[in-house]
Amino acid sequence: MATYCLTVTRLRLALGQGARRMHVAAALNAKAKVSMSRFEPTSHINYEKLQANVDIVRKRLNRPLTLSEKIVYGHLEDPHGQEIDRGRTYLRLRPDRVAMQDATAQMAMLQFISSGLPKVAVPSTIHCDHLIEAQTGGAQDLKRAKDINKEVYNFLASAGAKYGVGFWKPGSGIIHQIILENYAYPGVMLIGTDSHTPNGGGLGCICIGVGGADAVDVMANIPWELKCPKVIGVKLTGALSGWTSPKDVILKVAGILTVKGGTGAIVEYYGPGVDSISCTGMATICNMGAEIGATTSVFPYNHRMKTYLEKTGRGEIAALADEFKDVLVPDADCEYDQVIEINLSELKPHINGPFTPDLCHPVSEIGKTATEAGWPLEVKVGLIGSCTNSSYEDMGRSASLAKQALDHGLKCKAAFTVTPGSEQIRATIERDGYSKILSDVGGVVLANACGPCIGQWDRKDIKKGDKNTIVTSYNRNFTGRNDANPATHAFVTSPEIVTAMAIAGRLDFNPETDFLTAANGEKFKLLPPTGDELPARDFDPGENTYQHPPPDGSGLRVDVNPESNRLQLLEPFDKWSGGDLEDLQVLIKVKGKCTTDHISAAGPWLKFRGHLDNISNNMLIGAVNLENGAVNKIKNQLTGEYGGVPDVARHYKKSGVSWIVVGDENYGEGSSREHAALEPRHLGGRVILVKSFARIHETNLKKQGMLPLTFANAADYEKVRPDDKITIVGLKELTPGKPLTAVIKHLDGSTESVTLNHSFNETQIEWFQAGSALNRMKMMQ
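Residues numbered from 1 in each chain as written. Predicted model: local features only at pLDDT ≥ 70, side-chain atom pairs only at ≥ 80, totals over all residues. Heavy atoms only, no water.

Between its first and last C-alpha atoms helix H5 (residues 150-163) spans 20 Å; for 14 residues at 1.5 Å apiece the expected length is 20 Å, and the two agree. Most of H5 sits out of view: ten of its 14 residues are buried. Of the positions making up H5, those classed as buried are Val152, Tyr153, Phe155, Leu156, Ala157, Ala159, Gly160, Ala161, Lys162 and Tyr163. Contacts from the buried residues of H5 go to helix H3 (102-115), strand E7 (124-127), helix H4 (138-148), strand E8 (166-168) and strand E25 (546-547). Gly164 lies just past H5 and shows a positive phi near 85°. (Helix = DSSP H or I, 4+ residues; strand = E, 2+ residues; numbered from the N terminus. Expected span 1.5 Å × (residues − 1). Buried < 20%, exposed > 50% of the residue type's maximum accessible area, 1.4 Å probe, protein only. Contact = heavy atoms within 4.5 Å.)

Here the focus is the side chain of Gln106. For Gln106, the position within the fold is in helix H3. A relative accessible area of 0% places Gln106 in the buried class. Within the structure, Gln106 has its side chain in polar contact with the backbone oxygen of Asp102 (distance 3.1 Å). Excluding its chain neighbours within four sequence positions, the residues that come into contact with Gln106 are Leu131, Val152, Phe155, Leu156, Arg566, Leu567, Leu606, Arg609 and Gly610. (Polar contact = N/O pair within 3.5 Å; in protein donor to acceptor, adjacent residues only side chain to side chain.)

Another aspect to go through is the pattern of salt bridges. Any two side chains of opposite charge can pair, given that their charged atoms come close. Counted under the stated rule, the structure contains 44 salt bridges. As a salt-bridge pair, Asp407 and Lys403 come within 3.1 Å of each other at their nearest N and O atoms. On the criterion of helical spacing, the pair formed by Asp407 and Lys403 is a turn pair, its members being four residues apart in helix H13 (residues 392-407). Since its relative accessible area comes to 39%, Lys403 is described here as partly exposed. Salt-bridge contacts for Glu430 lead to Arg426; the nearest nitrogen and oxygen are separated by 3.0 Å. Pair noted here: Glu430 and Arg426 are both in helix H14 (residues 423-431), with a separation of four residues, about one helical turn. The class of Glu430 is exposed, set by a relative accessible area of 52%. A network of salt bridges, in which partner residues are shared, links Asp55, Arg58, Lys70 and Asp331. (Salt bridge = Lys/Arg side-chain N within 4 Å of Asp/Glu carboxyl O.)

It is worth spelling out the sheet that holds strand E6 (residues 97-101) at this point. If you trace the six strands from one edge of the open sheet to the other, you get E10-E9-E6-E7-E8-E25, paired in mixed fashion. This sheet does not close on itself; its edge strands, each paired only once, are strand E10 (206-209) and E25. Pairing geometry for E8 and E25, over two bridges, is antiparallel. Counted as the bridge partner of Trp168 is Tyr546 from E25. Helix H6 (residues 175-182) rests against E6, E7, E8 and strand E9 (189-192) of the sheet, and its axis sits at about 150° to E6. This element, helix H7 (residues 212-219), spans E6, E7 and E9 of the sheet and lies at about 145° to E6. (Pairing = 2+ DSSP bridges. Axes fitted to C-alpha atoms, helices over the stretch in contact; angles between N-to-C directions.)

Let's shift gears to the confidence of the model for the chain. With 94% of its residues at a pLDDT of 70 or more, the chain shows a mean pLDDT of 93. Across residues 1-43, confidence stays below pLDDT 50; counting only partners more than four residues off in sequence or on other chains, it has 133 contacts. (pLDDT = per-residue confidence, 0-100.)

Right, let's talk about the environment of Asn757 for a bit. Locating Asn757 in the fold gives a position in strand E34 (residues 751-757). When its relative accessible area of 31% is taken as the criterion, Asn757 is described as partly exposed. For the pair formed by Asn757 and Lys738, sequence separation is 19 residues and the distance between their alpha carbons is 7.5 Å. Residues in contact with Asn757, not counting those within four places in the same chain, are Leu709, Thr710, Ala712 and Pro739.

Here it is as structure tokens:
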């Protein structure tokens, strides 16, 4: 068999008005080995090795494998000896690459610097997308962000140069869109320091969101551990048509599984309906899979992915994927732990919210439901874009509706914003006229960045506390997430439905049945949206926004000003004392939903993501205190006075009092931000005790030397009082699978004992004993 090596390189070519396009060069060498040098030192993905590992594991397990299992087990460090039991054992994996967005990259790179290692061991990139606040428009907002965040951008650029990490400058676009356009390909395993990293599953990848400490492990050439995921199969039949979009698939799945139904599992889509969804549509579905707690989501390789690869300059990879397609699709008769079936031909447009992404409503019913619930029916703002829905197809379908409104003399009744997912998307929709149409209908085109989706929105049309409704094509709609206003009712839906509702200005507008009134007084209905999956011409890459690291950065310096309020070098956390954790003061007993937004808010706090002490001033300020129903108001048990959560925690730490947080179900759902674990550790916390955890947050806590524990009996949550002290017994004998005991001491002198569970394995126990995973890494050097 002839053998060859594919070297994939992005080159700057002078085309027309100086535009650039992707170029793929093939060179003969070893067949099935793809050498990806797109903007960074060469890395290798060997399909033959992937196939060989899959064959080894399939023979050992003696059963057909799902696609998820093929890619995950294909990246095992030891396919011959690794114990594999879905939902129970921990896998040691070798991911192919790492991606970090700028808000989490700061702490990840600070931790990598602390490790003392000279260079990253796998291809890694930093993407500047989180620190750009939406105010007036793309160009102005980008210019302002570059000025305000200059210190942070310089740190990330210089750290990337020194340690061999590619740097995508502010304005380049959202991390997940950049990955899809440049780095994702079928069969790759990538970890990213953002919870919506699973976006890459739309291109047949296993892409998993993690905390920065996990990224450091992979960059340090340490095997990455993941609890062997269960696999939820979603069988798709029929075909999408009319007003129904890919977003409606995941909105429906979220309604079925809820925000914690996917925890510990990979969601794998299959069936004849898959072929009716574009590659970027599949990415939309995988992206929002984070909202059901899934480890990641994935689609099987098909002709839609092949077309996307070819259109983004990776045709040779597509050809190779065709040759190795058997390892990029599930085996016949493979078994799933749970199966959901959705007939796309019967699926109707949906809208989810408010305040949680799993509260699912058909668009046809949202008006009636909102009226009964007292939700505002006037749509104040419609927002399209974000990492979930900012593809060329999304923008084209939205523009087709805007064009109909303009043709009838209408503009949006609601304010309307448009966020391109990348510089490539921005340049292409501008060239092809979509931007003008969306602007003409009343839209404001924002910077190629996360913007309002993560709370980077300087909203001026309402005051805090004003009850109002917004509709977005985003993925997450927790209380106050987009605009820091807890009274904002945020709904997530497709960009097409957002556009239609923005034109009508009403939440109860159903474009399938309702009429609009044209400027001349005539009634008309919007025709179903249309739009090309990919541009007829090549993509226009726009501005060159990438900085490649030098071959040798060892002589470069990365300076952090000790007086900076944005950046702070890390000090090691203290080691475990060797005994039980005694008389931990309950800092706060949290009531109800407590996401990472509640634990470590984003928005204006993003500027402190590189300074642990400053960012810790937002710890748990959004959590509801069970004692009084208030946020950021807890009783200091040493003084008897009430204060903010971070203030009381600092007082306890200064007084030598360690503390514990008690929480509810699915604690820590949402973002991958490890600051939600770093801050409690920094301010003297030792234990987080809850009914259940979200996956990423539980791992992040372990990485920082915290004890994430769960009640063996969830009802025991009721036994803890806000003024209790708790002793954790059994830590000297801490072993995998062995429960611990909590002795709860009440102020009246009485005590109660309850059983606690944990999910620590042997390696993670070593992290706890060393004080953190980073401490353990340095001990092993």
